[in-house]
Amino acid sequence: MSRADTGTAHQDPEEAPRNPDAAPQDPEARRPEAARPRPLWTFGLLRSELSVTFRRWRTLALLGVLASFPVLIGIAVKIETGDGGGGGGPGGGPPFIGQVTNNGLFLVFAALAATLPIFLPMAVGVIAGDAIAGEANGGTLRYLLVAPAGRTRLLLVKYATTLAFCLVATAVVAASALAVGALLFPLGDVTTISGVRISFGEGMARAALIALVVAGSLIGFAALGLFISTLTNSGIAAMAATVGLLITVQILDAIPQLHAVQPYLFTHDWLSFADLLREPVLGDGIARNLGLQAVYAAVFGSAAWARLTTRDITS
């Protein structure tokens, strides 16, 4: 019996009809999904992590507390200087507090100077310390490391989310201070530390630049907190250790006898953003601060990667 007589007889693959318009099949398309190489970065994973982080009540509470500090400072200055006189002499409060009554824009600078040493980094420490340890404590880290995540990509996403919180937290403090300053005090031309008057628009531009510098001042501490988060399965322990380390470094930075090592502490040049209110602007301290933050980010980011990629994940 011929092959034509069988009707539905087996057809030789080499003689199978071909569609001349069909493109040859990509070998990658036949590879199982889990075996395909995954890109190091996907914005979908970052978007999901950002959504989860900024929708948590803890994150919203931290931002709410940060927003309240400028309100408290502004009300305190308004009550203290109810007669319209200047306030804040030597030792009378954070830097720039004496100029707030004359120009509400200075409340932005005063609020950032007041929150940067402790409150802003404490909030960042909570987010960074819980980034990996919180997932391990909740039993979700093992599932996140399965496709489509992976350890390196997960660490990058966690760090990027922490940096986003640094920026948002700083912006919240600055925006709250600007709103309170505009409500309680007059606005106008800004007198710089050097005694030169600049326009209000230029003052606003410098305030925005100062907020960016303040957020950038936290990138080294964020990497340090992320590294601590990889060392434990307890989110609370990681957050406590990160904040405790911050307080310890602040104390070391205030001891005169340790002046030889203080320039290498990540907190040492945090208030260098004040140089942006000089005329002309002095950038040496700011460059030194941001450079040191980059070194801390590289060192502790690498340490966090080495720890996470070699860690035995059991939860």
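This is a predicted model, so every value here is computed, not measured.

**Student:** Mind laying out the side chain of Thr59, listing which residues take part and the relevant values?
**Tutor:** Relative to the assigned elements, Thr59 resides in helix α3 (residues 57–80). Those residues within four positions of Thr59 in sequence are excluded, and the remaining contacts are Thr53, Phe54, Ile127 and Phe165.

**Student:** Residue-level account of a nonpolar patch on the surface, with values.
**Tutor:** A cluster of nonpolar side chains, Ile247, Ile251, Leu252 and Ile255, forms an exposed patch at the surface whose accessible area comes to about 300 Å². By the element assignment, Ile251 lies in helix α10 (residues 235–253).

**Student:** Please provide a residue-by-residue account of empty space enclosed by the protein, values included.
**Tutor:** Tallied over the entire structure, the rule returns one cavity of 30 Å³ or more. Size it by volume and the largest cavity reaches roughly 90 Å³. In this structure, the largest cavity is lined by Glu49, Thr53, Arg56, Arg58, Ile127, Asp130, Ala131, Lys158, Thr161 and Thr162. Among the secondary structure elements, those contributing two or more residues to the lining of the largest cavity are α2 (43–55), α5 (119–138) and α7 (151–184).

**Student:** Any chance you could break down α5 for me, citing the residues and the numbers?
**Tutor:** Three or four residues apart is the spacing at which side chains of an α-helix point the same way, because the helix has 3.6 residues per turn. Between its first and last C-alpha atoms α5 spans 26 Å; for 20 residues at 1.5 Å apiece the expected length is 28 Å, and the two agree. Most of α5 sits inside the fold, with 16 of its 20 residues counted as buried.

**Student:** Give me the pattern of salt bridges: which residues, what numbers.
**Tutor:** In this structure the tally under the stated criterion is eight salt bridges. Of the charged contacts, one joins Asp189 and Arg197 as a salt bridge, the two residues approaching to 3.9 Å between their closest N and O atoms. Among the ionic contacts, a cluster of salt bridges with common partners joins Arg56, Arg58 and Asp130.

Rules used throughout
Residues numbered from 1 in each chain as written. Predicted model: local features only at pLDDT ≥ 70, side-chain atom pairs only at ≥ 80, totals over all residues. Heavy atoms only, no water. Helix = DSSP H or I, 4+ residues; strand = E, 2+ residues; numbered from the N terminus. Contact = heavy atoms within 4.5 Å. Patch = residues over 30% accessible without salt bridge, like charges linked within 9 Å, V, L, I, M, F, W, Y side chains within 5 Å. Areas by Shrake-Rupley, 256 points an atom, 1.4 Å probe, with all protein chains shown as cover. Salt bridge = Lys/Arg side-chain N within 4 Å of Asp/Glu carboxyl O. 1 Å grid on protein atoms, 1.4 Å probe; cavity = no way out; pocket = protein on both sides within 12 Å on 5 of 7 lines; lining within 4 Å. Points joined across faces, edges and corners; volume = space filled by probe spheres on them. Expected span 1.5 Å × (residues − 1). Buried < 20%, exposed > 50% of the residue type's maximum accessible area, 1.4 Å probe, protein only.

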